[in-house]
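Spelled out from the first residue to the last, the chains are:
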Amino acid sequence: MENCLNERNACMDFISLTNYGTNYQRLSVVEPVGLVPKVHCEDITLPGSLFTVWAQMKDLIQKPPVTLDPLTASNQLVVSMDHTTIEYSEWKQEYPDNPKRFHVGVLGSQGYTSGLHCWDIEVGDSDKWIVGVVEENVDRKRLFNMERGFWSIRLSDDVYRAGIRGQTELAVNDIPWIIRVWLDYDKGRVKFCDPHKNCTLFSYTSKFKEKVFPYFCSGTPLCPMILFPGKK
């Protein structure tokens, strides 16, 4: 009887982990990218350790193509434990300084030197943010003084603009909840879209000379920015 109860409890733990994978996709993915396959308890030979069960479940949970690098985060941005969310803090964090750390903003962990890449960032109700792509070797302590090597759009004072210093206003009729960033490194293109309206907000054409990274910045407390997998 005791063995049966142990097997039943282990089975329920496994099913809970399976439901976690399904719920994670339902909450995190903007557009469906495939369902987590159903796992039937009777088809599984349960190991003696739930660690092994979790190791099997990890392959069923889709991870975002872009995660955040906390070592690059400025001291008023808080990066979540899973490196997919940033939130602005009115209080400066006691981060150790290092050459990678930005004075303002945070980079994605993955850099690119070729290929086509896409990611989504939920800006939500935030009324002050920057989303873009930046060259690896920009001056990270004086980013807003840079003339080159940074391709972005921003929202500030209820106005959408291209670039961090430019005054080019974007014609945005409906407030976007999510910004999709397309990077075509080989063709030198960066495009910002509203995936829900299926429209382009702004695009750049340039010639990349070095590795580039996704860039994010939030300036609104209690309004986290969340990364999702983009659909190519």
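What comes next concerns the included structure. In this text, all values refer to a predicted model and were calculated from it rather than measured experimentally.

### Quick word on the sheet that holds strand β8 (residues 178–184)
- Ordered by their spatial adjacency, seven strands build an open sheet running β1-β2-β12-β4-β8-β9-β10, and the pairing between neighbours is antiparallel. The open sheet has two free edges, formed respectively by β1 (77–79) and β10 (199–205), since each of these has just one partner strand. Ignoring which end each strand starts from, the neighbouring axes of this sheet average 20 degrees apart.
- Two strands pair when backbone bridges link them, and β1 and strand β2 (residues 85–88) are joined in this way by three bridges, in the antiparallel orientation. Counted as the bridge partner of Val78 is Glu87 from β2.

### What to know about the side chain of Arg161
- Counting through the fold element by element, Arg161 comes out in strand β7 (residues 159–162).
- Setting aside residues no more than four positions away along its own chain, Arg161 makes contact with Ile153, Arg154, Ser156, Gly166, Gln167, Thr168, Glu169 and Leu170.

### Points about the sheet that holds β7
- Read from one edge of the open sheet, five strands run β3-β11-β5-β6-β7, paired in antiparallel fashion. In this open sheet, the two strands that pair with only one neighbour each are β3 (106–107) and β7.
- Both strand β5 (residues 129–135) and strand β6 (residues 150–156) contribute to a ladder of six bridges, which runs antiparallel. Paired with Val133 across the bridge in β6 is Trp151.

### Points about the side chain of Asp69
- Structurally, Asp69 can be placed in the loop between α2 (50–58) and β1.
- Under the relative-accessibility criterion, Asp69 is labelled buried at 13%.
- Of note is the side chain of Asp69, whose polar atom sits 3.0 Å from the side chain of Lys100.
- What Asp69 contacts, discounting residues up to four positions off in sequence, is Lys100, Val106, Leu107, Gly108 and Ser109.

Definitions and limits used
- Residues numbered from 1 in each chain as written.
- Predicted model: local features only at pLDDT ≥ 70, side-chain atom pairs only at ≥ 80, totals over all residues.
- Heavy atoms only, no water.
- Pairing = 2+ DSSP bridges.
- Helix = DSSP H or I, 4+ residues; strand = E, 2+ residues; numbered from the N terminus.
- Axes fitted to C-alpha atoms, helices over the stretch in contact; angles between N-to-C directions.
- Contact = heavy atoms within 4.5 Å.
- Buried < 20%, exposed > 50% of the residue type's maximum accessible area, 1.4 Å probe, protein only.
- Polar contact = N/O pair within 3.5 Å; in protein donor to acceptor, adjacent residues only side chain to side chain.

Note that every value here comes from positions in space, so none of it alone points to a role or purpose.
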